[in-house]
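# Chains, contacts and geometry: an overview
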Amino acid sequence: MAKILEIRDLKLSFETEEGTVEALDGVYLDVEEGHFHGLIGETGCGKSITGLTVIGLLDNNARIERGEVLFRGKDLLKFTERQFQREIRGKEVAMVFQDPASSLDPVFSIKDQMLEAVRLNKKEEKQSNERIVKELLNKVKLPDVESLLEKYPHQLSGGMKQRVMIAMMLGRNPSMLIADEPTTALDVSIQAQFLRVLMDLKNTTNLTVLYITHNLAVLTEICDEVSVMYAGRIVETASIGDVFNNPSHPYTRKLVNSILRADSTLDSLEEIPGSVPRLINPPPGCRFHPRCEEAVDECSRVIPPVKEIGTNHLVACLRR
Amino acid sequence: MSKEWLQVKDLRKHFETPKGDLRAVAGVSLKVEKGDSFGLVGESGCGKSTLIRTVLRLLEPTSGEILFDGKDIAKLGKTHIRRLRKKMGLVFQSPHSSLNPRMTVYDTLARPLLIHGITKNKRDTTIEIVKLLKLMGLQAEHMIRYPHELSGGQKQRIAIARALAVNPEIVFLDEPTSALDVSVQTKILKLLDFAKQEKQLTYFYISHDINLIRVVSNKMGVMYLGKIVEIGDTGTVMANPLHPYSVGLFEAVPDPDPDKKLPELILKGEVPSPVNAPSGCVFHPRCPFAWEKCEREEPKLLKQSDQREVACHKYS
């Protein structure tokens, strides 16, 4: 299997009034073509920033200090905005955000917005473009496509809007989709419908998905591999089975044991003491060490390198 | 202690909209016994938040009874409501917006103490606040902080401390952890459980998170479009839900087990609008078992066993 995306030692910071936020610090992430790769972490860990870097949508105050973001071998960090627009965004990599309401234009009908996306692709007859739009909307299992086309975003529910976003994205036939918390604003029953649309794409296309979320349970339903992110670094990458049944990094272990499952009790749930550190002057060494039960002196001095402890199982912890 | 300690009878809360009446709470009856931890689950817009706000008289009920400690609080006047507020606490979903950013933790916690005359002077107030902070696993030094100096989890602990300050008998918790990260969620749940034992409280949780309700409650209800469709012992309902909506809702919850494949989807389509809700059983347009009677006649909550009641024609 070829790697479609390779992030190497990415370090990125933001200048703010309060100081420099070290948002990403040496991120390594490999995504295999055709796989669904989960990126999980808590608020502020840098998971969304990682996604935005790949698609070239970082804010102006972001500063890339070092590293490479290789997409099919080409370093995206060297791309100009124009190159991103022409070669990457939409065409190769698409992104779906948490709030579909703000991704759609409120003053255009679904038809107009869908047609625009399809038209970008290639010049074709108006009629065939409309046919393509209908096919796309059917693909994401939206009911009653005919009347839907004439509607405006505010007339759709959150789940429907999110599926329109997916249809629009498919219209340009990209190789990779970055989904940033796409179901967080949705109800569980709508989330379940949305995940099935994604699963369907997984089974019928060669789409690669980088699925960013804070919800581990969602990842288990659709992902092949998972990378766990903490305070700007990837601490563990493994198959979804290993993350659950054989987590290695102390943070991953705690995280897995803190999610509510069908058989959870208040006693079985683990808590992580303290809270996520601020990334202005983050803890030295391993950024998890102040909250880690296994931490030794060395952990506060040395940044743990990434080690391979099993087949495709990477961990960044000095104690492993 | 009377068994019917908090009892809601056929409570309704309708809102007028240009398109017609929005029946947010459309005839809800439930009982909470002292010492219970009651959990109400439902998806957004099902009326769960409106229900507790109506029970707390933050919203005026359209009709129905709310019996609390033998009195019908649906009909109480303003002065009596204030006395009632002392017995009922409320914790909101987001501590980021429920705490006043211009008030220190001390001010936030001192306010209910002074308003309800629990402490009379500064010394007593401070002592009481330190006790509350300790109960929530915080230190006295947190007293002088402002909300922006606290983490999300700490803020929510302050919001809980504020609700507990007046020694309420029952605390309503509206999605108390859904604005927080998973790593702090456990801490909050454990602190709430500890406070419940310490102060012999009764909890009324509402959440969209089925697994959360499973962990924290001993009695639960499932709400759909303004109505309770199933209610009973948490263990019984969770192990074997009867109402088709409960079955579909529980099935839709992502299962954190990588070996399990996606189950067949039961809940199709979307929740209809509570304005002009479907006739008969409100769930019938989405129900795989619906027949003609469901369209015509509204099912009543009927006892299936000592542990549960279900509102479904399939079980009547």
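Just so it is clear, the model here is predicted, and its values are computed rather than measured. (Residues numbered from 1 in each chain as written. Chains lettered and ligands numbered in written order. Predicted model: local features only at pLDDT ≥ 70, side-chain atom pairs only at ≥ 80, totals over all residues. Heavy atoms only, no water.)

Take the overall build of chain B next. When you go through chain B residue by residue, the secondary structure sums to 11 helices and 12 strands. Against the compact-globule benchmark of 20 Å for 316 residues, chain B has a radius of gyration of 21 Å, which places it among compact chains. For the C-alpha atoms alone, the extent of chain B along its principal axes is close to 70 × 55 × 45 Å. When each of the 316 residues of chain B is scored for burial, the buried share is 53%. For chain B, the accessible area works out to roughly 14,200 Å², and carbon and sulfur atoms hold 49% of it. (Helix = DSSP H or I, 4+ residues; strand = E, 2+ residues; numbered from the N terminus. Rg over C-alpha atoms; globule rule 2.2 N^0.38 Å. Buried < 20%, exposed > 50% of the residue type's maximum accessible area, 1.4 Å probe, protein only. Areas by Shrake-Rupley, 256 points an atom, 1.4 Å probe, with all protein chains shown as cover.)

With that out of the way, let us pick up the layout of surface pockets. By volume, the largest pocket amounts to about 1,100 Å³. Forming the boundary of the largest pocket are 48 residues, of which Thr184(A), His214(A), Asn215(A), Ser178(B) and His208(B) lie nearest the centre. Within the residue set of the lining of the largest pocket, elements represented by two or more residues are helix 1 (47-55) and helix 8 (188-204) of chain A together with helix 1 (48-55), helix 7 (182-199) and helix 8 (210-216) of chain B. Here the lining of the largest pocket is built from residues that sort into 17 nonpolar, 20 polar and 11 charged. (1 Å grid on protein atoms, 1.4 Å probe; cavity = no way out; pocket = protein on both sides within 12 Å on 5 of 7 lines; lining within 4 Å. Points joined across faces, edges and corners; volume = space filled by probe spheres on them. Nonpolar A, V, L, I, M, F, W, Y, C, P; charged D, E, K, R; others polar.)

Next up on the list: the sheet that holds strand 8 (residues 208-213) of chain A. Residue and element names in this part refer to chain A. Ordered by their spatial adjacency, eight strands build an open sheet running 6-7-8-3-9-10-12-11, and the pairing between neighbours is mixed. Unpaired on one side and paired on the other, strand 6 (93-96) and strand 11 (307-310) mark the two borders of the sheet. Neighbour-to-neighbour, the strand axes of this sheet turn through a mean angle of 20°, independent of strand direction. The pairing of strand 7 (residues 176-180) with strand 8 spans five bridges and is classified as parallel. Paired with isoleucine 178 across the bridge in strand 8 is leucine 210. (Pairing = 2+ DSSP bridges. Axes fitted to C-alpha atoms, helices over the stretch in contact; angles between N-to-C directions.)

Moving on, we come to the packing of helix 4 (residues 110-121) of chain A against helix 7 (residues 158-171) of chain A. Residues and elements named next belong to chain A. Interhelical geometry of helix 4 versus helix 7 gives an angle of 20° and a closest axis separation of 8 Å. The angle between the axes of helix 4 and helix 7 places the two elements in the roughly parallel class. The element helix 4 and its partner helix 7 pack so that their crossing is right-handed. Contacts between helix 4 and helix 7 involve Ile110, Gln113, Met114, Ala117 and Asn121 on the former and, on the latter, Val164, Ala167, Met168 and Gly171. (Parallel < 35°, antiparallel > 145°, perpendicular 65-115°, else oblique. Left-handed = near helix turned anticlockwise from the far one by under 90°. Contact = heavy atoms within 4.5 Å.)

Let us look at the domain arrangement of chain B. Residues and elements named next belong to chain B. When cut into domains, chain B gives domain 1 (6-87 + 168-315) and domain 2 (96-167). Each of domain 1 and domain 2 was reduced to a C-alpha centroid, and the two centroids are 29 Å apart. Contacts between domain 1 and domain 2 engage 18 residues on the former and 17 residues on the latter. Together, Lys86, Pro168 and Lys199 form the three largest contributors to the area buried by domain 1 at its contact with domain 2, with a combined 35%. Inspection of the region where domain 1 meets domain 2 yields zero salt bridges. Where domain 1 packs against domain 2, one counts two residue pairs in polar contact (both at pLDDT 80 or more). Taken together, the elements giving at least two residues each to the side of domain 1 that touches domain 2 come down to helix 2 (78-85) and helix 7. Considering every element that reaches the side of domain 1 that touches domain 2, the biggest residue donor is helix 7, with eight residues. Looking at side-chain class alone, the side of domain 1 that touches domain 2 contains 11 nonpolar, no polar and seven charged residues. (Domains from an automatic or database assignment. Buried area = accessible area lost by both parts, 1.4 Å probe. Salt bridge = Lys/Arg side-chain N within 4 Å of Asp/Glu carboxyl O. Polar contact = N/O pair within 3.5 Å; in protein donor to acceptor, adjacent residues only side chain to side chain.)

Next up on the list: the packing of aromatic side chains. Inspection of every chain in the model, using the stated rule, returns 11 aromatic pairs over all chains. On the numbers, 5.2 Å between centres and 90° between planes, the contact of Tyr224(B) with Phe283(B) is edge-to-face. Of the two residues, Tyr224(B) sits in strand 9 (residues 219-224) while Phe283(B) sits in the loop between helix 10 (244-252) and helix 11 (292-296), which places them 59 residues apart along the sequence. Seen in terms of ring centroids, Tyr245(B) and Phe283(B) are 5.4 Å apart; in terms of plane orientation they differ by 70°. Their pairing is edge-to-face. Of the two residues, Tyr245(B) sits in helix 10 while Phe283(B) sits in the loop between helix 10 and helix 11, which places them 38 residues apart along the sequence. The exposure class of Tyr245(B) is buried, given its relative accessible area of 1%. An aromatic cluster is defined as three or more aromatic residues linked by ring pairs; in this entry it consists of Tyr230(A), Tyr251(A) and Phe288(A). Positioned over the ring face of Phe36(A) is Lys202(A), at 4.9 Å from the centre of the ring. (Phe/Tyr/Trp six-rings, centres within 6.5 Å; stacked < 30°, edge-to-face > 60°. Lys NZ or Arg CZ within 6 Å of the ring centre and 35° of its normal.)

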